[in-house]
Amino acid sequence: NAGVTQTPKFQVLKTGQSMTLQCAQDMNHEYMSWYRQDPGMGLRLIHYSVGAGITDQGEVPNGYNVSRSTTEDFPLRLLSAAPSQTSVYFCASSKEQLAEQQFFGPGTRLTVL
Amino acid sequence: GENVEQHPSTLSVQEGDSAVIKCTYSDSASNYFPWYKQELGKRPQLIIDIRSNVGEKKDQRIAVTLNKTAKHFSLHITETQPEDSAVYFCAASNSGYSTLTFGKGTMLLVSP
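Thresholds applied
- Residues numbered from 1 in each chain as written.
- Chains lettered and ligands numbered in written order.
- Predicted model: local features only at pLDDT ≥ 70, side-chain atom pairs only at ≥ 80, totals over all residues.
- Heavy atoms only, no water.
- Contact = heavy atoms within 4.5 Å.
- Buried area = accessible area lost by both parts, 1.4 Å probe.
- Salt bridge = Lys/Arg side-chain N within 4 Å of Asp/Glu carboxyl O.
- Pairing = 2+ DSSP bridges.
- Helix = DSSP H or I, 4+ residues; strand = E, 2+ residues; numbered from the N terminus.
- Axes fitted to C-alpha atoms, helices over the stretch in contact; angles between N-to-C directions.
- Buried < 20%, exposed > 50% of the residue type's maximum accessible area, 1.4 Å probe, protein only.
- Disulfide = S-S within 2.5 Å.
- 1 Å grid on protein atoms, 1.4 Å probe; cavity = no way out; pocket = protein on both sides within 12 Å on 5 of 7 lines; lining within 4 Å.
- Points joined across faces, edges and corners; volume = space filled by probe spheres on them.
- Nonpolar A, V, L, I, M, F, W, Y, C, P; charged D, E, K, R; others polar.

Student: Account for the interface of chain A and chain B, naming residues and giving values.
Tutor: Interface size is commonly expressed as the accessible area that is lost once the parts come together. Across the boundary between the two partners, chain A contributes 21 residues, which contact 20 residues of chain B. Across the chain A/chain B interface, buried area totals approximately 1,800 Å², and carbon plus sulfur atoms make up 57% of it. In terms of surface lost to chain B, no three residues of chain A exceed Ala 99, Glu 100 and Phe 104 of chain A, which account for 29% of the buried area on that side. The interface formed by chain A and chain B contains 1 salt bridge. Here Arg 51 of chain B and Glu 100 of chain A are joined by a salt bridge, their closest N and O atoms 2.8 Å apart.

Spelled out as structure tokens, the structure:
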């Protein structure tokens, strides 16, 4: 099992550009989440999904879109990148409950200039 | 929504000492409390979790205690080692479809 994978590992964007951060898991987990991690701020939830076709907003959803067309994939789209979106992004998945025993991906470090 | 406060933000100990990290939560309906360890440049990893029907849980050198009345829970690490150096995050959730709310983290430094 590869677990939770994320691509790319690093990305630099210019303000206004769009891009998609990829997340995939091969553990057949129903629940998936996207977090951003900023210094001194902990992990903040952006969007989450409780199954294919079902997504919802977290604490900081503005500027991001998600979709969940398959159980395995949960991409995060930045519509028009802003410097405030410079952060490390983590995808996580869990099997039994949304919040319980989350497995995290390796993260994507995004810089918006 | 839930609010999780974590203290201290940094903690320095000597190898072999004990370390204690404390968290408080605001939602009395929260019933699931995990702790994650994040080494520098790595992903967060679950190290221990506790549910509200249990007051204490141990796993080798780490233990977590929960006081539901006071709405606080703590991580205890005994006989600390340099490899325990990392950022530790507490979190809380009402389980089910409820999301996980994280504290801001504690950087633990263990000096040889």
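Text resumes after the structure shown.
Student: Requested: an account of the sheet that holds strand β1 (residues 4-7) of chain B, with residues and values cited.
Tutor: Residue and element names in this part refer to chain B. Across the sheet, 5 strands lie side by side as β1-β3-β8-β7-β6; this open sheet has antiparallel pairing. What marks the edges here is a single partner per strand, and that holds for β1 and β6 (56-59). Here the strands of the sheet are splayed against their neighbours by 15 degrees on average, with no regard to which way each runs. Direction of pairing for strand β3 (residues 19-25) relative to strand β8 (residues 72-77): antiparallel, over a ladder of 6 bridges. Among the inter-strand pairings, Lys 22 is bridged to a residue of β8, identified as Ser 74.

Student: Explain the pairing of strand β11 (residues 108-112) of chain A residue by residue, including any values.
Tutor: All names here are of chain A. Burial along β11 is one-sided: Thr 108, Leu 110 and Val 112 are buried, while Arg 109 and Thr 111, pointing the other way, are not. Both strand β2 (residues 10-13) and β11 contribute to a ladder of 4 bridges, which runs parallel. Paired with Val 12 across the two strands is Thr 111, which belongs to β11. As defined by bridge partners, strand β9 (residues 87-94) adjoins β11 across 3 bridges and the pair is classed as antiparallel. Residue pairing in the sheet places Ser 87 in a bridge with Leu 110 of β11.

Student: Account for the state of the cysteines, naming residues and giving values.
Tutor: The bond known as a disulfide is covalent and runs between the sulfur atoms of two cysteines. Residue and element names in this part refer to chain B. If you walk through the whole model with that rule in mind, you get 2 disulfides over all chains. Put simply, Cys 23 and Cys 90 are joined by a disulfide, and their sulfur atoms are 1.9 Å apart. Torsion about the S-S bond of the Cys 23 and Cys 90 cystine: about -100 degrees, corresponding to left-handed handedness. Taken together, the residues Cys 23 in strand β3 and Cys 90 in strand β9 (residues 86-92) connect sequence positions 67 residues apart. The residues Cys 23 and Cys 90 share a single accessibility class, namely buried.

Student: Lay out the layout of surface pockets in plain terms, naming residues and giving numbers.
Tutor: Within this model, the largest pocket holds a volume of roughly 810 Å³. For the lining of the largest pocket, the elements supplying multiple residues, two or more each, are β4 (31-38), β9 and β11 of chain A together with β9 of chain B. When residues of the lining of the largest pocket are assigned to their parent elements, the largest contribution, 4 residues, is made by β11 of chain A. Across the lining of the largest pocket, the residue classes tally to 12 nonpolar, 14 polar and 6 charged. Estimated volume of the second largest pocket: approximately 370 Å³. Glu 59 of chain A together with Glu 2, Asn 3, Thr 101 and Phe 102 of chain B are the residues nearest the centre of the second largest pocket, which is lined by 21 residues in total. At the level of secondary structure, the elements contributing two or more residues to the lining of the second largest pocket comprise β5 (42-51) of chain A together with β1 and β10 (101-102) of chain B. Top element by residues in the lining of the second largest pocket is β5 of chain A. It accounts for 4 residues.

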